[in-house]
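Results of the structural survey
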Amino acid sequence: TVKAAKEAALGAGANIRFLTSGKLRRTDLKKIVEIQPNIILIAGGVDYGERDTAIHNAELIAALPLHVPVIYGGNVENDEEIRLIFEEAGKEDLLFVVENVYPRIDQLNVVPTRKVIQEVFEMHIMHAQGMEKIREVVDSHVVPTPGSVMMATELFSQLCPDVMTIDVGGATTDVHSVTQGSEEISRILVSPEPDAKRTVEGDLGLYINHDNIINSF
């Protein structure tokens, strides 16, 4: 479930600051408050499976002294319970409930969460200088750069079945790929992989590692 949530976040262009699994501990909550995240994603439990962990974590997160959007993409049976938790905490306007990122064993469903992350980014986070002027001339959604590159890669994959896009940045390099992979690799995978995915290489940014970039190719 953690991997499914991670794939959804990365594919949307998110910068992941902290990952945890199981019931949140005091040290986890302390870490969350310290990093001041822009978005929190709660996942867990296949549909009609385990329920308690996500509910436990939602109650703790709703009680944190944070005013940030929270996305729930876990067991569908918890949807109303999660809504009630945030309603009672006075944070119902910050909650976004989406389809489960891992609805059944060996099945990923990351696209709905990716879309919601991008929508939340546009609604609540993107307040950089000049953004209002951009909205005056753009009649579509404004998404993070990594999310845009993913969308472009997916579009190009309609012409070429197996695509890899390397987006070299100042601090990191993002690698986007869209492929169903080979049957040989599929047979040895121990967990499902999305057709479209993004990984972040932290040691290949141009700012101080331009020599590494050149040597990699």
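Now for a look at the structure at hand. On a predicted model such as this, the values are computed, not experimentally measured, just so you know. (Residues numbered from 1 in each chain as written. Predicted model: local features only at pLDDT ≥ 70, side-chain atom pairs only at ≥ 80, totals over all residues. Heavy atoms only, no water.)

Looking at chain direction, strand β4 (residues 163–168) and strand β5 (residues 173–178) are connected through six bridges and run antiparallel. The residue bridging Asp167 from the neighbouring strand is Asp174, located in β5. Where β4 folds back on β5, the antiparallel hairpin that results is connected by four residues. (Pairing = 2+ DSSP bridges. Helix = DSSP H or I, 4+ residues; strand = E, 2+ residues; numbered from the N terminus.)

Our next topic: the environment of Val33. Structurally, Val33 is set in helix α2 (residues 26–35). Residue class for Val33 comes out partly exposed when judged on its relative accessible area of 27%. When the C-alpha atoms of Val33 and Pro65 are compared, they prove to be 7.6 Å apart, with 32 residues separating the residues in sequence. Apart from the residues within four sequence positions on either side, Val33 is in contact with Leu64 and Pro65. (Buried < 20%, exposed > 50% of the residue type's maximum accessible area, 1.4 Å probe, protein only. Contact = heavy atoms within 4.5 Å.)

With parallel pairing, three strands are arranged side by side in an open sheet as β1-β2-β3. The outermost strands of the open sheet, each flanked by one partner alone, are β1 (40–42) and β3 (95–97). Strand-to-strand twist across the sheet, computed as the mean angle between neighbouring axes with direction ignored, equals 20°. Here β1 runs beside strand β2 (residues 70–72); their pairing, made up of three bridges, is parallel. Each residue of the ladder has a partner; that of Ile40, found in β2, is Val70. Taken strand by strand, helix α3 (residues 52–62) contacts β1 and β2, and its axis lies near 155° from that of β1. (Axes fitted to C-alpha atoms, helices over the stretch in contact; angles between N-to-C directions.)

The end-to-end C-alpha separation of helix α7 (residues 145–156) is 17 Å, in line with the 16 Å expected for twelve residues at 1.5 Å each. Restricting attention to buried positions, one finds in α7 the residues Pro146, Gly147, Val149, Met150 and Thr153. The buried residues of α7 occupy one face: seen down the axis, they fall within an arc of 160°. Those residues of α7 that are exposed and angled more than 90 degrees off the buried face are Thr145 and Leu155. (Expected span 1.5 Å × (residues − 1). Arc of directions from axis to C-beta.)

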